[in-house]
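So you can see what is in the structure, the chains are spelled out below.
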2 protein chains.
Amino acid sequence: MNYKLTIEYDGTRYDGWQRQSTTEQTIQGKIERVLSRMTGKDIEIDGAGRTDAGVHARGQTANVHLGFYGSDEEILEYLNEYLPDDIGIVSVERVPERFHARLWATGKCYSYRIGIDSCKSVFDRKYRYPLGKKLDVVAMRRAASDLLGTHDFRSFCGNPRMKKSTVRTIEDILIEELEHEVKITYTGNGFLQYMVRILTGTLIEVGLHQRKEDSMPWLLEQKERKLAGVTAPAQGLCLEQVYY
Amino acid sequence: MNYKLTIEYDGTRYDGWQRQSTTEQTIQGKIERVLSRMTGKDIEIDGAGRTDAGVHARGQTANVHLGFYGSDEEILEYLNEYLPDDIGIVSVERVPERFHARLWATGKCYSYRIGIDSCKSVFDRKYRYPLGKKLDVVAMRRAASDLLGTHDFRSFCGNPRMKKSTVRTIEDILIEELEHEVKITYTGNGFLQYMVRILTGTLIEVGLHQRKEDSMPWLLEQKERKLAGVTAPAQGLCLEQVYY
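**Quick look at the overall build of chain A**
Scanning chain A from terminus to terminus reveals 5 helices and 10 strands. Relative to the globule expectation of 18 Å for 244 residues, the C-alpha radius of gyration of chain A, 19 Å, shows essentially globular dimensions. The principal-axis extent of the C-alpha atoms belonging to chain A is close to 55 × 40 × 30 Å. Evaluated residue by residue, chain A yields a buried proportion of 54% over its 244 residues. The contacts in chain A between residues at least 6 apart in sequence include a share of 70% that link residues at least 24 apart. When the accessible surface of chain A is totalled, it reaches about 11,400 Å², and 47% of it is carbon and sulfur.

Structural data, given as structure tokens:
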């Protein structure tokens, strides 16, 4: 039987989603360990997005093939009982045998939160990048509009040796001015390594008037990572949802 | 000069607001220590509400008499630099010399958050009481309506030796059904020791049908703490605002 898991986590303490031989502190590793304990077998799960170290998730998904170990609700309760407090299973559901969390995903939604004043944001400090400077969101929205649609995003790809296609489609970039913060929400069919963080670093530079708001078409054309902005810190990023 | 501080804190690690000789882990103590460092003098501050151990605040207030040590903004930045990450100063403002944060307060607003399902709520777990059971909010609202207005709240007072008046006025009790939680927001002219937590424990019992929704007038009349519900845990409680 094939199960789809929807997962949320506070990534602060973790070395990212993907299991690694060099560290026990991965989200995938923690979930696999509990599933292995439940079943008495070595269990592997496939996640939809390989979030980086320190990145959070409200709607990560994964799938896992298991025998019968109880109802969906019982599996959910078992996982939540034995997982650390900062990893939670939101739902467990039976899916078709061929369902694959990563390969079947048709899109993803990420949010990035930027603190724009000297407010210490006691309750949000682990989920917000404390820039502490005002941002010109009108300029940022103007720049973001040129990033929408289907483009080769090689300039925004963190992996210089990426051999596969770097063409992706961004459907929406929503830039909101909230109390103490600017929140950017990206929706697209897929994102390259560090792409959301490089897009954010670049848009921040536009918002600080360190980069021109009409320079995105040129930047896309260059296909040169070094010309884009800095990679914004992991803590502001959250994988909100995976679409199927 | 007299300054009003507006303060937020994650109370998880602290033994409450009030300075105590037996522990260094109090919010008041932490703020006084930074102010003493800034001024080179022993500084005492007066807080509006003495929140219990583990209780949070988004809008606690206090006042402090200081000589001139810079602009309001400079004092705010100094405090936020030297305070721990889980205590933040939201604002610093000059107020009349006679202003007293506790004595001048005309009202307070507290919220209490109750988790009602098996969701682990990774991001809210420190700020929500994980009851894990459905609540009948219609019955709770019916009971809450009988608590509004001016009453002797001795049945809801955690201090059995309270000698002063236990008469208070509750202006509003808002009960909201949100995703995964029920949130109760109390607004009134003042609250007795543990009063919000005892009110919440009692309303939870109504919501679980362990106590009748029309029993509040009787309970108020008894003036007997033992007849009210349990004191709900500290972690769900937050001092939202102090009114002047």
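**Observations regarding the relation of the copies chain A and chain B**
Each of the two chain copies can be brought onto the other by rotation about an axis and movement along it. Once chain A has been moved 0.0 Å along the axis and rotated by 180°, it coincides with chain B to within an RMSD of 0.0 Å. The transformation just described matches what one would write down for a two-fold rotation axis. Relative to the rotation axis, the C-alpha of Phe123(A) is the closest in chain A, positioned 4.9 Å from it. Interface overlap between copies is the fraction of interface residues in one copy that are interface residues in the other; for chain A against chain B it reaches 100%, indicating a shared surface.

**Brief notes about the packing of aromatic side chains**
Given two aromatic rings, one states the distance between the centres and the angle between the planes to describe the pair. The final tally for this structure, using the stated rule, is 14 aromatic pairs over all chains. On the numbers, 5.2 Å between centres and 80° between planes, the contact of Tyr127(A) with Phe123(B) is edge-to-face. One end of the pair, Tyr127(A), is in the loop between strand 5 (107–115) and strand 6 (129–130); the other, Phe123(B), is in the loop between strand 5 (107–115) and strand 6 (129–130), on a second chain. The pair formed by Tyr127(A) and Phe123(B) is uniform in burial state, with each residue classed as buried. Ring centres of Tyr110(B) and Phe191(B) lie 5.5 Å apart, and the angle between their planes is 90°; on these two criteria the pair is classed as edge-to-face.

**Notes on a nonpolar patch on the surface**
Residues and elements named next belong to chain A. On the surface, Leu103, Trp104 and Tyr244 cluster together into a nonpolar patch covering about 320 Å² of accessible area. Within the secondary structure, Tyr244 is located in the segment after strand 10 (237–243). Among the residues examined, Tyr244 registers a relative accessible area of 35% and is labelled partly exposed.

**Considerations on the pairing of strand 8 (residues 167–178) of chain A**
All names here are of chain A. For strand 7 (residues 149–152) and strand 8, the ladder comprises 4 bridges, and the chain directions are antiparallel. What sits directly across from Thr150, in strand 8, is Thr169. In terms of strand pairing, strand 8 meets strand 9 (residues 181–188) through 8 bridges, oriented antiparallel. Bridge pairing in strand 9 links Glu176 to Lys183. What sits between the antiparallel neighbours strand 8 and strand 9 is a turn of 2 residues, in which His180 has the positive phi angle 70°.

**Observations regarding the pattern of salt bridges**
Opposite charge on two side chains makes pairing possible when the charged atoms of those side chains draw close. Under the definition given, this model contains 26 salt bridges over all chains. With a closest N to O distance of 3.8 Å, Glu44(B) and Arg19(B) form a salt bridge. With Glu44(B) in the loop between helix 1 (27–39) and strand 2 (46–47) and Arg19(B) in the loop between strand 1 (2–9) and helix 1, this pair connects stretches of sequence that are 25 residues apart. We classify Arg19(B) as partly exposed; its relative accessible area is 38%. As a salt-bridge pair, Arg128(B) and Glu181(B) come within 2.6 Å of each other at their nearest N and O atoms. With a gap of 53 residues between them, Arg128(B) in the loop between strand 5 and strand 6 and Glu181(B) in strand 9 (residues 181–188) connect regions that are remote in the sequence. In this structure, Arg128(B) and Glu181(B) share a single accessibility class: buried. Each of Arg113(A), Asp124(A), Arg128(A) and Glu181(A) takes part in one network of salt bridges that share partners.

**Overview of the interface of chain A and chain B**
Contacts between the two partners involve 24 residues from chain A and, on the opposite side, 24 residues from chain B. With both sides pooled, the region where chain A packs onto chain B buries about 1,900 Å², and carbon together with sulfur makes up 56% of that total. On the chain A side of the contact with chain B, Lys120(A), Val122(A) and Phe123(A) bury the most area, a combined 39% of that side's loss. Across the contact surface, chain A and chain B share 0 salt bridges. Where chain A packs against chain B, one counts 11 residue pairs in polar contact (both at pLDDT 80 or more). Only strand 1 (2–9), strand 3 (56–65), helix 2 (72–82) and strand 4 (87–95) of chain A provide two or more residues apiece to the side of chain A that touches chain B.

**Structural notes on helix 4 (residues 195–207) of chain B**
Note on helix geometry: an α-helix contains 3.6 residues per turn, so any two residues three or four positions apart are oriented the same way. All names here are of chain B. Taking 1.5 Å of rise per residue, the 13 residues of helix 4 would be expected to cover 18 Å, and the 18 Å separating its terminal C-alpha atoms lies within 8% of that figure. Taken across its 13 residues, helix 4 has 13 buried, putting it largely inside the fold. Phi turns positive one or two residues past the end of helix 4, at His209, with a value near 60°.

**Some details on helix 2 (residues 72–82) of chain B**
Residues and elements named next belong to chain B. Taken together, the buried positions of helix 2 are Ile75, Leu76, Leu79 and Asn80. Projection of helix 2 onto a plane perpendicular to its axis shows the buried side chains occupying an angular sector of 130°, all on one side. Residues of helix 2 that are buried in the fold lie against strand 1, helix 1 and strand 4 (87–95).

**What about the environment of Gly115(B)?**
Assignment of secondary structure puts Gly115(B) in strand 5. Beyond its immediate sequence surroundings of up to four residues, Gly115(B) is in contact with Arg128(B), Tyr129(B), Pro130(B), Leu131(B), Gly132(B), Lys133(B), His180(B) and Glu181(B).

**A short note on a negative patch on the surface**
A cluster of acidic residues, Glu73(A), Glu74(A), Glu77(A) and Glu81(A), forms a negative patch at the surface. Mapping Glu81(A) onto the fold places it in helix 2.

About the cut-offs
Residues numbered from 1 in each chain as written. Chains lettered and ligands numbered in written order. Predicted model: local features only at pLDDT ≥ 70, side-chain atom pairs only at ≥ 80, totals over all residues. Heavy atoms only, no water. Helix = DSSP H or I, 4+ residues; strand = E, 2+ residues; numbered from the N terminus. Rg over C-alpha atoms; globule rule 2.2 N^0.38 Å. Buried < 20%, exposed > 50% of the residue type's maximum accessible area, 1.4 Å probe, protein only. Contact = heavy atoms within 4.5 Å. Areas by Shrake-Rupley, 256 points an atom, 1.4 Å probe, with all protein chains shown as cover. Least-squares fit on C-alpha atoms with pLDDT ≥ 70 in both. Phe/Tyr/Trp six-rings, centres within 6.5 Å; stacked < 30°, edge-to-face > 60°. Patch = residues over 30% accessible without salt bridge, like charges linked within 9 Å, V, L, I, M, F, W, Y side chains within 5 Å. Salt bridge = Lys/Arg side-chain N within 4 Å of Asp/Glu carboxyl O. Pairing = 2+ DSSP bridges. Buried area = accessible area lost by both parts, 1.4 Å probe. Polar contact = N/O pair within 3.5 Å; in protein donor to acceptor, adjacent residues only side chain to side chain. Expected span 1.5 Å × (residues − 1). Arc of directions from axis to C-beta. Lys, Arg positive; Asp, Glu negative; His and termini not counted. Charge placed at Lys NZ, Arg CZ, Asp CG, Glu CD.

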